[in-house]
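The primary structure of each chain is shown beneath.
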Amino acid sequence: VFLSDDKGENWNQISSADSDINILYITMWDNTILAGAWEGLYVATLEDISWMKFTPAGLPEDTPICSIAIINDSFFAGSIGKIYKTSKDDFNLNWTETSTAIPEKSRITNIIENGNAIFAGSNNSGVFMSTDGGTNWTEINSGLADLHISQLASVGTKLFAVTLKKGVFIFDNKSLSWVVDNSGLKKINCLLNADELLFAGTDSNGVYLSSDEGQSWIHVSQGIPENARIWSLAECDDKLFAGTTEGI
């Protein structure tokens with residue numbers, strides 16, 4: 001893991017390079033860094049970057065943590081076949097397992113809020129939806145041609161699912177089904193909502209920007225090496241970061 005405290009100008013290593021722990025997901029909560037790994041959840045603070053394995057009541061030892069989300073006053077940790085939930089007040093005390101409708105071998109890759117619902121994407125079983133704050137989940141795969149979900153993203157009222165092989169799908173709240181994205185942009189690896197602008201990282205053609213919730217796109221890749229594969233996008237204050245095959 002590397003950390004920048006000056007908006008990406010400089011980076012410092014904050015975990016051992018020879019560690020055999022694979023980081024699957026990382027996020028921030030105030031001054032706390034939360035890292036999900038195959039071996040469980042790890043935490044560190046910005047004041048004292050010393051990683052500790054974190055196993056509160058309700059979160060079994062060595063539970064794989066594949067995704068982490070902070071939604072309103074709740075924390076969610078996506079695992080394999082399960083999602084764990086706790087409140088900010090009970091973060092150190094007790095977590096509750098929720099797994100309704102989630103197959104036992106499905107890895108939860110992403111958890112996101114859209115409207116009055118919470119959605120969870122999986123690596124092989126599509127998307128699940130909860131309308132009661134993450135207690136119960138229902139499979140919503142109607143119209144979804146590829147159940148391998150690499151990312152979910154939301155902008156305005158629209159929910160997008162980035163799939164491994166069939167491109168991007170958009171969720172229809174009325175029919176509770178998915179329709180294929182027909183904007184013409186192909187080979188999308190990741191999406192990012194930054195101030196209600198939608199950015200897309202592609203497999204070989206850099207970054208695109210949409211100001212109309214994905215209906216049309218413009219190319220915004222000046223400075224990024226040609227044919228660079230964009231693996232991830234992130235926002236920090238007034239800067240946008242692209243993680244590529246050529247670096248950041």
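Above this text you will find the structure in question.
Definitions and cut-offs
Residues numbered from 1 in each chain as written. Predicted model: local features only at pLDDT ≥ 70, side-chain atom pairs only at ≥ 80, totals over all residues. Heavy atoms only, no water. Pairing = 2+ DSSP bridges. Helix = DSSP H or I, 4+ residues; strand = E, 2+ residues; numbered from the N terminus. 1 Å grid on protein atoms, 1.4 Å probe; cavity = no way out; pocket = protein on both sides within 12 Å on 5 of 7 lines; lining within 4 Å. Points joined across faces, edges and corners; volume = space filled by probe spheres on them. Nonpolar A, V, L, I, M, F, W, Y, C, P; charged D, E, K, R; others polar. Contact = heavy atoms within 4.5 Å. Axes fitted to C-alpha atoms, helices over the stretch in contact; angles between N-to-C directions.

Some thoughts on the pairing of strand β3 (residues 23–29)
Next, step 1: Looking at chain direction, β3 and strand β4 (residues 32–37) are connected through six bridges and run antiparallel. Residue pairing for β4: W29 is matched across the bridge by T32.
Next, step 2: Hairpin connection between β3 and β4: a loop of two residues separates the two successive antiparallel strands, and D30 in this loop has a positive phi of roughly 55°.

Some thoughts on empty space enclosed by the protein
Next, step 1: Tallied over the full model, the rule gives one cavity of 30 Å³ or more.
Next, step 2: Space inside the largest cavity adds up to approximately 50 Å³.
Next, step 3: What lines the largest cavity is simply E39, G40, L41, K53, F54, T55, L59, P60, D62, T63 and I65.
Next, step 4: Taken together, the residues that form the lining of the largest cavity break down as five nonpolar, three polar and three charged.

Some remarks on the environment of M129
Next, step 1: Following the sequence through the fold, M129 ends up in strand β13 (residues 127–130).
Next, step 2: In sequence terms M129 and I140 are 11 residues apart; their C-alpha atoms lie 6.7 Å from each other.
Next, step 3: Sequence-distant contacts of M129, defined by excluding residues within four places in its chain, comprise A117, I118, F119, N136, W137, T138, I140 and L176.

A short note on the sheet that holds strand β6 (residues 52–54)
Next, step 1: The sheet built from four strands is open, its strands ordered β3-β4-β5-β6 with antiparallel pairing. Both outer strands of the open sheet, β3 and β6, are each paired with one neighbouring strand and no more. Between one strand axis and the next, the sheet turns through 30° on average, direction left out of account.
Next, step 2: In terms of strand pairing, β4 meets strand β5 (residues 40–45) through six bridges, oriented antiparallel. Bridge pairing in β5 links A35 to Y42.

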